[in-house]
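Structural description and commentary
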Amino acid sequence: MPAQPPARPSTPKGDPMYRARSLFQLLILAALFAPCGLAANSAHPLAPLPPMGWNDWAHYQCDYTAQTILENADALVRSGLAARGYNTVTIDDCWMQKTRDSDGNLQADPQRFPNGMKPVVQAVHALGLKFGIYEDAGSETCGGFAGSGQPDGGGKAHFVEDAKLFASWGVDYLKLDGCNVYAAKGESQNAAYRTAYRAERAALNRVGRPIVFSESAPAYFQGAPDWYDVLSWVRHYGQLWREGDDIATFDPKHPDAPRFQSVMWNYNYNLPLGRFQAPGNWNDADFIIGGDSGLTLAETRSQLALWSMMSAPLILSSNLSQLGAAAIAVLGNRAVLSVDQDPLGRMATLLRRTSSLDVLLKQLHNGQDAVAVLNRSPSPLHIELSAADLGFSGSGCQFSTRDLWTGAQDTQASVLDADIAPHDTAIWKIRPAPTCGAPARMGAITRIASGLHRDAESYTLCLSSTGNAEACSGSSSESWTVTLDGALQSSARCLTAANGKVTMQACTGKAEQRWRYDLVGNLISRSDRQCLTGTREGLSVQACGHNLNSQIWSLPTAWLHP
Ligand code: GAL
């Protein structure tokens, strides 16, 4: 389906015009920013693969010192996880004081950092790691410390000075949160956030050092129509962005409090957003808390497998020196990490969702696919997936398979089968034989039930060919094929919009059966330019509103990239 591609250069890279224009743009940028011009979205993106590392927040919140950071940096190396790719150590909120010095500079908290920040950065670098830091696009961080943004009521922001200070310390990665962002009278929140994040981008362009830029802006709009507008602009400025709620943090007063529901919630709100990401620009579903208290080993496997299927950043946030050998083996599993770090950077497609399981498929760069099955239920589950279940219709289709947890291989499988423990996730790489043919552009089409009620189980509705969007059951009426000319097909019939009504009809290829998909997620009928709308009353086409929940759809995303 001709999705409106994420706004990357629309001219094909091989096109001589594109090359000429890029060269021209480079010259202009070099002239503007010489001698220290570094563009954000150049031909060599700063984060071509989802960033990996460690951050203190989800385990320690503000309860840390320089020593805590360095002990974890050390554990990252000693555990072997750094060598597996977790290479950036980021200090989150609370590292700075509430006020600036007399020159307007940020000051590190002297209790936590008695020798300042620079030696800490140097020590992290000396371990062969990169160093990340936290700031805020508003007047104060979420913890109430000095922010980089405009003061409340308006005035001078500090983006440039702060970016220069970070560069002088050797910072490689900046997480810019979005608490306390000031919006002038009459200015929309969306515009205020955009101005602030754009200013940070411009500041980073001036410091002569490549700094990966993680934006928290979308998280401040989750559940509101503007969420999709903010998600549409963040990639112009940064390499990754948080779209929603924080993952549950460790609470020393209740160390064993279960945290899997929080993992499920973040997974659920991240999965439908694949259309916003592509190599160099990543949706960030928040920290990997797997291995820490509150998650079983099965749940740790699930978090790593699901994040990897979504090409999500993998930023551990636990006390690394307390990770057990089994958790280290899971978090360092090379085969699963290679799914996360696959250069195509696809979001997994939700092939099927029932009340107890999700089946996901992710296209990989080398002709392989990754398949994962999450068992959300409290009971063990046996699963068998045929080639047809995975979208391969070629006769006698067989594939070679590798179970990424056990390493078990089969060179001539015709089904994938596994016993999956409660809250565990099975994950395989498969290589289909040529007889299998290309995978169908197949999967569930979903929409969000309501803006925000933080209930992973009821958040997502599945479009059904019986004429509505309903609780996902995994039935064949929820399996859709998106044809190349933009028809939505289920059980060999096509979704048809005529006279405001939406019905399933025999497929004809006419405009009333063809849909345009745009970046925010509207499905727009080619015949009357109206939006597919799902309400309690059923399906209809109606005038497209401003990012209405009833009109925002997620399609099998693996096939929507430019
Ligand atoms: C939140 C953010 C967390 C952490 C915290 C610090 O807004 O989502 O990841 O950075 O602020 O105060």
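Remember, predicted model here, so these are calculated numbers, not experimental data.

1. Focus on the overall build of the chain
The secondary structure content of the chain amounts to 12 helices and 28 strands. Whereas a compact globule of 562 residues would reach a radius of gyration of roughly 24 Å, the chain reaches 24 Å, a difference of no more than 12%. For the chain, the spread of C-alpha atoms along the principal axes amounts to about 75 × 55 × 50 Å. Per-residue burial over the chain gives 56% buried out of 562 residues. If you take every contact in the chain between residues at least 6 apart in sequence, the share linking residues at least 24 apart comes to 67%. Total accessible area on the chain stands at roughly 21,900 Å², and carbon and sulfur atoms take up 53% of it.

2. Focus: the site of the ligand
Surveying the vicinity of the ligand reveals the residues Trp57, Asp92, Asp93, Tyr134, Cys142, Gly143, Lys175, Asp177, Tyr220, Arg242 and Asp246. Contact between the ligand and Lys175: an oxygen atom at 2.7 Å from a side-chain N or O atom of the residue. Here an oxygen atom of the ligand sits 3.3 Å away from a polar atom, N or O, in the side chain of Tyr220. Its free accessible area being 310 Å², the ligand has 90% of it covered by the protein chains.

3. So, the packing of aromatic side chains
For the coordinates displayed, the defined rule picks out 14 aromatic pairs. Ring geometry for Tyr193 against Phe221: centres 5.0 Å apart, planes inclined by 80 degrees, an arrangement best described as edge-to-face. In this pair, Tyr193 is assigned in helix α6 (residues 189-205) and Phe221 in the loop between β5 (212-215) and α7 (226-233), connecting sequence segments 28 residues apart. With respect to burial, Tyr193 and Phe221 carry one shared label: buried. Measuring from ring centre to ring centre gives 5.5 Å for Trp265 and Tyr269, while their planes differ by 70 degrees; the resulting arrangement is edge-to-face. Taken as a pair, Trp265 and Tyr269 lie in helix α8 (residues 260-270) at a separation of 4 residues, close to a single helical turn. Here Trp265 matches Tyr269 in class, with each residue buried.

4. A short note on the environment of Lys118
Tracing the sequence through the fold places Lys118 in helix α4 (residues 118-126). Through-space distance from the C-alpha of Lys118 to that of Gly170 is 7.7 Å; in sequence the pair is 52 residues apart. When residues no more than four places from it in sequence are discounted, the contact partners of Lys118 are Ser168 and Trp169.

5. Topic: the sheet that holds strand β10 (residues 357-363)
As summarised here, the arrangement of the 6 strands in space is β9-β10-β11-β16-β13-β14, forming an open sheet in which the pairing is antiparallel. Strands with a single pairing partner mark the edges of an open sheet, and in this sheet they are β9 (349-353) and β14 (409-413). In this sheet, adjacent strand axes meet at a mean angle of 25 degrees when their direction is disregarded. Bridge analysis of β9 against β10 gives 4 bridges, and the strand direction is antiparallel. Bridging from a neighbouring strand, Leu350 pairs with Leu360 of β10.

6. What to know about the state of the cysteines
If you walk through the whole model with that rule in mind, you get 6 disulfides. Between the sulfur of Cys462 and that of Cys472 lies a disulfide, 2.2 Å long from S to S. Taking the sign of the torsion about the S-S bond as the criterion, the disulfide between Cys462 and Cys472, at about 95 degrees, is right-handed. One end of the pair, Cys462, is in strand β19 (residues 460-464); the other, Cys472, is in the loop between β20 (468-471) and β21 (480-482), with 10 residues separating them in the sequence. A disulfide bridge connects Cys531 with Cys544, and the sulfur atoms are separated by 2.0 Å. Of note, the bridge from Cys531 to Cys544 carries an S-S torsion of about 100 degrees and is right-handed in sense. One end of the pair, Cys531, is in strand β27 (residues 531-535); the other, Cys544, is in the segment after β28 (538-542), and 13 residues separate them in sequence.

7. Some words on the pattern of salt bridges
Note on pairing: side chains with opposite charge can pair once their charged atoms come close. For the structure on display, the rule yields 13 salt bridges. One salt bridge in this structure joins Lys175 and Asp92, with 2.8 Å as the shortest N-O distance. Of this pair, Lys175 sits in strand β4 (residues 173-177) while Asp92 is found in the loop between β2 (88-91) and α4, placing the two residues 83 residues apart along the sequence. Residues Lys175 and Asp92 agree in their burial class; the two are buried. Where Asp109 meets Arg112, a salt bridge forms, and the shortest distance between an N and an O atom there is 3.2 Å. Among the residues examined, Asp109 registers a relative accessible area of 13% and is labelled buried. A single network of salt bridges, built from pairs that share partners, joins Arg353, Asp358, Arg376 and Glu457.

8. A short note on the domain arrangement of the chain
Note on interface size: it is often stated as the accessible area lost on association of the parts. Each assigned domain of the chain is listed with its residue range as follows: domain 1 (52-340), domain 2 (348-431) and domain 3 (442-551). Each of domain 1 and domain 3 was reduced to a C-alpha centroid, and the two centroids are 35 Å apart. In this assembly, 16 residues from domain 1 lie in contact with 15 residues from domain 3. Taking both partners together, domain 1 and domain 3 bury about 1,500 Å²; carbon and sulfur atoms supply 59% of that area.

9. What about the environment of Glu384?
Residue placement: Glu384 occurs in strand β12 (residues 381-386). Glu384 sits 35 residues away from Asp419 along the chain, and the two C-alpha atoms are 9.1 Å apart.

10. Quick look at the side chain of Ser216
Secondary-structure assignment places Ser216 in the loop between β5 and α7. Look past the residues within four positions of Ser216 in its chain and what remains in contact with it is Lys175, Leu176, Asp177, Gly178, Tyr197 and Arg242.

11. With respect to the sheet that holds strand β8 (residues 314-316)
Strand order across the open sheet formed by 8 strands is β7-β6-β5-β4-β3-β2-β1-β8, with parallel pairing between neighbours. Two strands lie at the open edges of the sheet, namely β7 (282-284) and β8, each paired on one side alone. If you compare each strand with its neighbour and ignore which way they point, the axes differ by 25 degrees on average. Examined bridge by bridge, β5 and strand β6 (residues 240-242) share 2 bridges and lie parallel to one another. Among the inter-strand pairings, Ser214 is bridged to a residue of β6, identified as Leu240.

The rules behind the values
Residues numbered from 1 in each chain as written. Predicted model: local features only at pLDDT ≥ 70, side-chain atom pairs only at ≥ 80, totals over all residues. Heavy atoms only, no water. Helix = DSSP H or I, 4+ residues; strand = E, 2+ residues; numbered from the N terminus. Rg over C-alpha atoms; globule rule 2.2 N^0.38 Å. Buried < 20%, exposed > 50% of the residue type's maximum accessible area, 1.4 Å probe, protein only. Contact = heavy atoms within 4.5 Å. Areas by Shrake-Rupley, 256 points an atom, 1.4 Å probe, with all protein chains shown as cover. Near = heavy atom within 4 Å. Polar contact = N/O pair within 3.5 Å; in protein donor to acceptor, adjacent residues only side chain to side chain. Phe/Tyr/Trp six-rings, centres within 6.5 Å; stacked < 30°, edge-to-face > 60°. Pairing = 2+ DSSP bridges. Axes fitted to C-alpha atoms, helices over the stretch in contact; angles between N-to-C directions. Disulfide = S-S within 2.5 Å. Salt bridge = Lys/Arg side-chain N within 4 Å of Asp/Glu carboxyl O. Domains from an automatic or database assignment. Buried area = accessible area lost by both parts, 1.4 Å probe.

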